[in-house]
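These are the residues of each chain, in order.
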Amino acid sequence: MSRYRRPEIPGGVFFFTVVTCNRRPVFTTDEAVNALRAAFRRVRHARPFAIDAMVVLPDHLHCIWRLPEGDSDFSGRWREIKKATSRALAPQSNARKERSIWQRRFWDHAIRDETDWQHHLDYIHYNPVKHGHAERPDAWPWSSFRRWQERGAYPHDWGRTEPAEIADMDCE
């Protein structure tokens, strides 16, 4: 079995891409997204972390987390979030005791600096437009974009076209 090397940065800030099994469109209803939200709430209550930004699309999600000082275990948190969501959405498991909601792994990136953070924040918020799910970021219901826009971080017309600084990013 492969052993994946994950960055161990206590108190670090990380960008994640988490994909559904076979890119199946699981998160297409409020009920499915609410099951994911409930899993996040439960895990955050037991093992706190902050979510800077997030978008949930039908077959994947992106988010930026801030871990508490002295804590670098984002993998354990993802394991628990995936398990709780899977139990809620797929009560039946296969012969290997797996539920076919998530791909087994996820992609992570340690945020290096403020510019890197801003580019990943923009990537998250532009993603529904990039994938053709919305004409503009504020039209997608399962995104932190409107919260950031209300704080004044984005002008009203942001995201009508792809921002140049994220055009070459591929975090899928």
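Up top is the structure.
The rules behind the values
- Residues numbered from 1 in each chain as written.
- Predicted model: local features only at pLDDT ≥ 70, side-chain atom pairs only at ≥ 80, totals over all residues.
- Heavy atoms only, no water.
- Salt bridge = Lys/Arg side-chain N within 4 Å of Asp/Glu carboxyl O.
- Buried < 20%, exposed > 50% of the residue type's maximum accessible area, 1.4 Å probe, protein only.
- Helix = DSSP H or I, 4+ residues; strand = E, 2+ residues; numbered from the N terminus.
- Expected span 1.5 Å × (residues − 1).
- Bend = angle between axes of the 7 residues up to and from the residue.
- Contact = heavy atoms within 4.5 Å.
- Core = buried A, V, L, I, M, F, W, Y, C linked by side-chain atoms within 4.5 Å.
- 1 Å grid on protein atoms, 1.4 Å probe; cavity = no way out; pocket = protein on both sides within 12 Å on 5 of 7 lines; lining within 4 Å.
- Points joined across faces, edges and corners; volume = space filled by probe spheres on them.
- Nonpolar A, V, L, I, M, F, W, Y, C, P; charged D, E, K, R; others polar.
- Axes fitted to C-alpha atoms, helices over the stretch in contact; angles between N-to-C directions.
- Parallel < 35°, antiparallel > 145°, perpendicular 65-115°, else oblique.
- Left-handed = near helix turned anticlockwise from the far one by under 90°.
- Pairing = 2+ DSSP bridges.

K.L.:
How should the pattern of salt bridges be read in this particular structure?
P.N.:
It is possible for side chains bearing opposite charge to pair when their charged atoms get close. Using the criterion set out here, one finds nine salt bridges in the structure. Close ionic contact of Asp71 with Arg77 constitutes a salt bridge, the shortest N to O distance being 2.6 Å. With a relative accessible area of 19%, Asp71 lands in the buried category. We note a salt bridge from Asp138 to Arg136, for which the minimum N-O separation is 2.6 Å. According to the relative accessible area criterion, Arg136 is partly exposed, its value standing at 32%. Salt bridges here are not isolated pairs; linked through shared partners, they connect Arg79, Glu80 and Lys83.

K.L.:
It is not clear to me how helix 3 (residues 114-130) should be interpreted in this structure. Could you clarify?
P.N.:
Because an α-helix packs 3.6 residues into every turn, residues spaced three or four apart end up facing the same way. Over its 17 residues, helix 3 runs 23 Å from end to end, which matches the ideal 24 Å to within 8%, given 1.5 Å per residue. Along its length, helix 3 reaches its greatest deviation from straightness, about 30°, at Ile124, and the proline Pro128 lies no more than four positions downstream. Most of helix 3 is tucked away: 12 of the 17 residues are buried. Within the sequence span of helix 3, burial applies to Asp116, Trp117, His120, Leu121, Asp122, Tyr123, Ile124, His125, Tyr126, Asn127, Pro128 and Val129. Considering only its buried residues, helix 3 is in contact with strand 1 (13-19), strand 2 (50-56), strand 3 (60-66), strand 4 (107-110) and helix 4 (145-150). Positive backbone phi, at 80°, marks Gly132, one or two positions downstream of helix 3.

K.L.:
What is the right way to read the nonpolar core from this model?
P.N.:
If you look at soluble globular proteins, the nonpolar side chains tend to sit buried side by side. Phe16, Leu36, Phe40, Leu61, Trp65, Trp78 and Ile81 are the most contacted members of the largest nonpolar core, which totals 50 residues. If we skip the residues at most four places from it in the chain, Leu36 touches Phe27, Met54, Val56, Leu61, Ile81, Thr85 and Trp102.

K.L.:
Where do I start with unusual backbone geometry in this structure?
P.N.:
Excluding glycine, a negative phi dihedral is what most residues carry, and trans is how most peptide bonds are arranged. One non-glycine residue, Asn22, lies in positive phi territory at about 55°. Residue placement: Asn22 occurs in the loop between strand 1 and helix 1 (30-46). In this model, Arg23 sits at a positive phi of 55°, which is unusual for a non-glycine residue.

K.L.:
Just to check I follow, could you spell out the layout of surface pockets for this structure?
P.N.:
Vacant regions in the atomic arrangement are exposed by a probe of water-molecule size rolled over the atoms. One number sums up the size of the second largest pocket: a volume of about 310 Å³. Arg37, Ile51, Met54, Val56 and Ser144 are, among the 15 residues lining the second largest pocket, the residues nearest its centre. Residue assignment for the lining of the second largest pocket shows that the elements contributing at least two residues are helix 1 and strand 2. Among the elements that make up the lining of the second largest pocket, the one with the highest residue count is helix 1 (six residues). Split into classes, the residues belonging to the lining of the second largest pocket amount to nine nonpolar, two polar and four charged.

K.L.:
Would you mind showing me how to read the packing of helix 1 against helix 2 (residues 74-89) here?
P.N.:
Relative placement of two packed helices is described by the angle separating their axes and the distance separating the axes. Between helix 1 and helix 2, whose axes approach to 9 Å, the crossing angle comes to 140°. By the angle between their directions, the pair helix 1 and helix 2 is classed as oblique. In this structure, helix 1 meets helix 2 at a crossing whose hand is right-handed. Here Ala32, Ala35, Leu36, Ala39, Phe40, Arg42 and Val43 of helix 1 come into contact with helix 2, specifically with Arg77, Trp78, Glu80, Ile81, Ala84, Thr85, Ala88 and Leu89. Here the contact of helix 1 with helix 2 is built from residues that sort into 11 nonpolar, one polar and three charged.

K.L.:
Sorry, what's going on with the pairing of strand 3 here?
P.N.:
Along any regular strand the residues' side chains alternate between the sheet's two faces. Counted residue by residue, strand 3 has six buried out of seven residues, so it is predominantly covered. In terms of strand pairing, strand 1 meets strand 3 through seven bridges, oriented antiparallel. Residue Val19 lies in a different strand from strand 3, and its bridge partner there is His60. Hairpin connection, strand 2 to strand 3: the antiparallel pair is bridged by three residues.

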